Amino acid sequence: MTKTVLFDLDGTLLDTEKDFTRVLNSQLASYGFAPVKPLQVRNSVSSGARALIKLGYNIDESHEKFSAYLEEFLDRYETCISDTECDFFPGIASMLDALNKAGIPWGIVTNKPSRFTLPLIKNFPILSSSGVVICADHVKNSKPDPEGILLACERMGSNPGETIYVGDHLKDVQATAAAGATSIAVRWGYIPDELPIEDWQADHLINYPDEILAQAIR
């Protein structure tokens, strides 16, 4: 039976860490703060832009400048998308091509707002064959809520029970379980040290993108 495959974006399809590190360090430098290391960004980026501001400035959301730093960071990031340094993780492009050739429907469900998602995916032609793109502002509740996955299934005419969701974070697995779909957790993504992937209780753990095709045609 062929299943519909849905993907997280950052840390699953695209390695976007370079853009986030470049933008954050440029902003930090403008205020005289020390740069952060790429590994620090990789360990924080799955928790969103707020986590990066906390990391870079060593402040929490109660700080008087937190909101201003956050908005500036988002504006800077939006500007850099047309000149992105991100790319597919190894094997992703060929895996998507294989899904297309096999006639397996697939889509994207991300917590990233459409303001950033839609311009970013335009840089990668194969992503135009995605059957649906669900962003944070298309739903009331982001992952780990299942709303985005369920909306994607509805728009693609897919049964959640015959759908796979592929992600690199515990919240991806939690959202998938709540939607009644099958979860695949990938080992190549932005996995925080404090959240070992073996503890997520995903239906499947994989090391390489080409393993996704085998799961989709079971």
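Residues numbered from 1 in each chain as written. Predicted model: local features only at pLDDT ≥ 70, side-chain atom pairs only at ≥ 80, totals over all residues. Heavy atoms only, no water.

### Considering the overall build of the protein chain
Scanning the protein chain for helices and strands turns up nine helices and eight strands. For the protein chain, the spread of C-alpha atoms along the principal axes amounts to about 55 × 35 × 30 Å. Looking at the protein chain as a whole, 50% of its 218 residues are labelled buried. Taking as baseline every contact in the protein chain between residues at least 6 positions apart, the subset at least 24 positions apart corresponds to 65%. Accessible surface computed for the protein chain: about 10000 Å², of which carbon and sulfur atoms make up 50%. Put simply, the protein chain has 19 plus and 30 minus side-chain charges, and the middle of one group is 2 Å from the middle of the other. (Helix = DSSP H or I, 4+ residues; strand = E, 2+ residues; numbered from the N terminus. Buried < 20%, exposed > 50% of the residue type's maximum accessible area, 1.4 Å probe, protein only. Contact = heavy atoms within 4.5 Å. Areas by Shrake-Rupley, 256 points an atom, 1.4 Å probe, with all protein chains shown as cover. Lys, Arg positive; Asp, Glu negative; His and termini not counted. Charge placed at Lys NZ, Arg CZ, Asp CG, Glu CD.)

### Some thoughts on the layout of surface pockets
Looking at the largest pocket, its volume works out to about 610 Å³. Lining the largest pocket are 28 residues; nearest its centre among them are Val 45, Gly 48, Ala 49, Asn 111 and Lys 112. Mapped onto the lining of the largest pocket, the elements with two or more residues apiece are α3 (49-57), α4 (66-80) and α8 (170-179). When residues in the lining of the largest pocket are grouped by element, the largest group, four residues, is from α4. Here the lining of the largest pocket is composed, by residue class, of 13 nonpolar, seven polar and eight charged. (1 Å grid on protein atoms, 1.4 Å probe; cavity = no way out; pocket = protein on both sides within 12 Å on 5 of 7 lines; lining within 4 Å. Points joined across faces, edges and corners; volume = space filled by probe spheres on them. Nonpolar A, V, L, I, M, F, W, Y, C, P; charged D, E, K, R; others polar.)

### Here we look at the pattern of salt bridges
According to the stated counting rule, one finds 15 salt bridges in the structure shown. Here Asp 8 and Lys 143 are joined by a salt bridge, their closest N and O atoms 3.0 Å apart. Of the two residues, Asp 8 sits in the loop between β1 (4-7) and β2 (14-15) while Lys 143 sits in the loop between β5 (133-134) and α7 (147-156), which places them 135 residues apart along the sequence. On the accessibility criterion, Asp 8 (6% relative accessible area) is buried. Take Lys 143: its relative accessible area is 8%, and that puts it in the buried class. Where Glu 72 meets Arg 76, a salt bridge forms, and the shortest distance between an N and an O atom there is 2.9 Å. Here the residue Glu 72 and the residue Arg 76 both occupy positions in helix α4, the gap between them amounting to four residues, near one helical turn. (Salt bridge = Lys/Arg side-chain N within 4 Å of Asp/Glu carboxyl O.)

### So, the packing of helix α1 (residues 17-30) against α4
For the pair α1 and α4, the least separation of the axes is 10 Å and the interaxial angle reads 130°. Comparing their axes, α4 and α1 come out oblique. Once α1 is placed against α4, the crossing between them reads as right-handed. Taken together, the residues of α4 that come into contact with α1 (itself represented by Asp 19, Phe 20, Arg 22, Val 23, Leu 24, Ser 26, Gln 27 and Ser 30) are Tyr 69, Glu 72, Phe 73, Arg 76, Tyr 77 and Cys 80. A class-by-class count of the residues in the contact of α1 with α4 yields seven nonpolar, three polar and four charged. (Axes fitted to C-alpha atoms, helices over the stretch in contact; angles between N-to-C directions. Parallel < 35°, antiparallel > 145°, perpendicular 65-115°, else oblique. Left-handed = near helix turned anticlockwise from the far one by under 90°.)

### Observations concerning the packing of aromatic side chains
Enumeration over the complete set of coordinates arrives at 10 aromatic pairs. Taking 4.7 Å as the distance between ring centres and 20° as the angle between the ring planes, the aromatic pair formed by Phe 20 and Tyr 77 counts as stacked. Linking Phe 20 in helix α1 with Tyr 77 in helix α4, this pair joins segments that are 57 residues apart in sequence. Just as Phe 20 is buried, Tyr 77 falls in that class too. Seen in terms of ring centroids, Tyr 31 and Tyr 57 are 6.4 Å apart; in terms of plane orientation they differ by 70°. Their pairing is edge-to-face. In this pair, Tyr 31 sits in the loop between α1 and α2 (38-44) while Tyr 57 sits in helix α3, placing the two residues 26 residues apart along the sequence. (Phe/Tyr/Trp six-rings, centres within 6.5 Å; stacked < 30°, edge-to-face > 60°.)

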